[in-house]
Amino acid sequence: MSAAFAVKSTETRSSPPPAAQAARSDLAIDCKIDKLFYGDFLAVRDSHVPIEKGKIVGFIGPSGCGKSTVLRSLNRMNDLIPSFRFEGHVHFMGQDIYARNVDPVVVRRHIGMVFQQPNPFSMSIYDNVAFGLRLNRFKGNLDERVEHALRRAALWDEVKDKLKNNGLSLSGGQQQRLCIARAIATEPTVLLMDEPCSALDPIATRRVEELMLELKKDYTIAIVTHNMQQAQRVADVTAFFSVDISQGGRTGYLVEMGPTEQIFNDPREQLTKQYISGQFS
Ligand SMILES: Nc1ncnc2c1ncn2[C@@H]1O[C@H](COP(=O)(O)OP(=O)(O)OP(=O)(O)O)[C@@H](O)[C@H]1O
Ligand SMILES: [Mg+2]
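Residues numbered from 1 in each chain as written. Chains lettered and ligands numbered in written order. Predicted model: local features only at pLDDT ≥ 70, side-chain atom pairs only at ≥ 80, totals over all residues.

Digging into unusual backbone geometry
Okay, so step 1: Although it is not a glycine, Arg-137 adopts a positive phi angle of roughly 50°.
Okay, so step 2: The topology assignment puts Arg-137 in the loop between helix 3 (125–135) and helix 4 (142–152).
Okay, so step 3: A positive phi angle, near 55°, is found at Ala-154, a position not held by glycine.
Okay, so step 4: When you line up the elements, Ala-154 lands in the loop between helix 4 and helix 5 (156–159). (Helix = DSSP H or I, 4+ residues; strand = E, 2+ residues; numbered from the N terminus.)

Structural notes on the site of ligand 1
Okay, so step 1: Around ligand 1, 14 residues are found, and the nearest of them are Tyr-38, Ser-63, Lys-67, Ser-68 and Thr-69.
Okay, so step 2: Of all elements in the fold, only strand 2 (41–52) and helix 1 (67–73) reach the threshold of two or more residues within the shell around ligand 1.
Okay, so step 3: Among the elements that make up the shell around ligand 1, the one with the highest residue count is helix 1 (three residues). (Near = placed C-beta within 6 Å.)

Quick notes on the pairing of strand 1 (residues 27–38)
Okay, so step 1: One ladder, built from ten bridges, connects strand 1 with strand 2; its direction is antiparallel. Opposite Ile-29, over in strand 2, you have Ile-51 as the bridge partner.
Okay, so step 2: Counted along the chain from strand 1 to the antiparallel partner strand 2, the turn is two residues long, and its residue Gly-39 has a positive phi close to 60°.
Okay, so step 3: Bridge count between strand 1 and strand 4 (residues 84–92): nine bridges; the pairing is antiparallel. Residue pairing for strand 4: Ile-29 is matched across the bridge by Phe-92. (Pairing = 2+ DSSP bridges.)

With respect to the confidence of the model for the chain
Okay, so step 1: The predicted model of the chain has a mean per-residue pLDDT of 90, with 92% of residues at 70 or higher.
Okay, so step 2: Segment residues 6–22 is flagged for pLDDT under 50; beyond a separation of four residues in sequence, or across chains, it makes 35 contacts in the model. (pLDDT = per-residue confidence, 0-100. Contact = placed C-beta atoms within 7 Å.)

Structure follows, in structure tokens:
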């Protein structure tokens, strides 16, 4: 299986074979976590998080409820943590990304990630964007792809005359858009963003939010945010996680997930109502 993942191809975007299409063809990712451990610690349990194609899904919930953990499990980023153990499945376009023959590096090419702190590499703006393409031995026109990615990330006009400058010389907001350009240069299908605006000022935050809405035309996006207004501004669907302390542990789980408007205006669960009205954080 796994033409999309297992085969190391020089193409940067490949399609899964027809036979591997998801049962629900509207989903980019179907994530079902039964149990997710760090060592003996049960960090997340019983969370079904289906992510529809072309939508922005917001993950909200109190600190420590597992938002980042769940997000990172969507592109096998948690594999970098030795104690991580996952029971469940994550189907990407119908294929289980945790299947034994799947190369996590290839998964991350299809499902890219942008982190909380802008983290450009200490190299030129151009090389930052070209990084993933070179890693994947991209054979096409590199200049064109770099320009395209910077344009898509709404950064081209600001950097086109200084592509050789170090990425770290940019402002925080520009650095985050550079990281977005780097993430989309390899044309992933899904973009994961873990609190991408938390280190940015309100103006830079708005720019990144506008960018997300623009990118939604081509990408499926999952974003963790602590900012309730941000979730309401950008997310089509919101997933609310909380922490279960009843067994003496601190295990995160999905409380409910639905259209953002419903979650904020008419939540099914009392706990959601309490959280969005600020009764706990
Ligand atoms: N690398 C790790 N090793 C061990 N435990 C971890 C690791 N990363 C996270 N955890 C634990 O897993 C739980 C979920 O953490 P996670 O970072 O996913 O929460 P979060 O909802 O993103 O929180 P925050 O809003 O503070 O970012 C926490 O109890 C945390 O301490
Ligand atoms: Mg987090």
